[in-house]
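Structure assessment
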Amino acid sequence: IDIDWNIHLQEMVAKIKVDLGLNRNDKVEAELYKMLVYEKGGFFKPHKDSEKSKGMFGTLVVVLPSLY
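Residues numbered from 1 in each chain as written. Predicted model: local features only at pLDDT ≥ 70, side-chain atom pairs only at ≥ 80, totals over all residues. Heavy atoms only, no water.

1. Side note on the layout of surface pockets
The volume enclosed by the largest pocket comes to roughly 1,800 Å³. Lining the largest pocket are 39 residues, and of these Lys-34, Thr-59, Leu-60, Val-61 and Val-62 sit closest to its centre. Here the residues of the lining of the largest pocket are counted per class, giving 23 nonpolar, eight polar and eight charged. (1 Å grid on protein atoms, 1.4 Å probe; cavity = no way out; pocket = protein on both sides within 12 Å on 5 of 7 lines; lining within 4 Å. Points joined across faces, edges and corners; volume = space filled by probe spheres on them. Nonpolar A, V, L, I, M, F, W, Y, C, P; charged D, E, K, R; others polar.)

What follows is the structure, encoded as structure tokens:
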């Protein structure tokens with residue numbers, strides 16, 4: 001499948017804005033901070049994310065298709 005990642009990401013952010021009840025004109029951007037890759041059975045422990053950049057209000061987790 002040939003997917004344009006930027007278009008897909010913009011669509012996700014637009015849907016998230018609606019789901020959060022934000023106004024259509026509110027500026028919301030997603031920026032890549034870190035990519036984590038886990039092996040079979042891997043996980044991360046419950047935690048609270050810290051603010052990585054000014055104005056950050058949430059964390060977007062994208063789970064890609066995987067055999068695991």
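2. A look at the environment of Val-61
Mapping Val-61 onto the fold places it in the segment after helix H1 (5-19). Exposure remark for Val-61: the relative accessible area of 59% places this residue in the exposed category. (Helix = DSSP H or I, 4+ residues; strand = E, 2+ residues; numbered from the N terminus. Buried < 20%, exposed > 50% of the residue type's maximum accessible area, 1.4 Å probe, protein only.)

3. What about H1?
Given a rise of 1.5 Å per residue, 15 residues ought to cover 21 Å, and the 21 Å separating the end C-alpha atoms of H1 matches this to within 8%. Of all the residues in H1, the buried ones are Leu-9, Val-13 and Lys-17. End-on, the buried residues of H1 take up no more than an arc of 80°, which puts them together on one face. Relative to its buried face, H1 has exposed residues pointing more than 90 degrees away, namely Glu-11, Lys-15, Val-18 and Asp-19. Where H1 begins, one side-chain oxygen reaches toward the backbone nitrogen of Asn-6, 3.1 Å away; that side chain belongs to Asp-4. Taken from the residues just after H1, Gly-21 is the one with a positive phi, measuring 75°. (Expected span 1.5 Å × (residues − 1). Arc of directions from axis to C-beta. Polar contact = N/O pair within 3.5 Å; in protein donor to acceptor, adjacent residues only side chain to side chain.)

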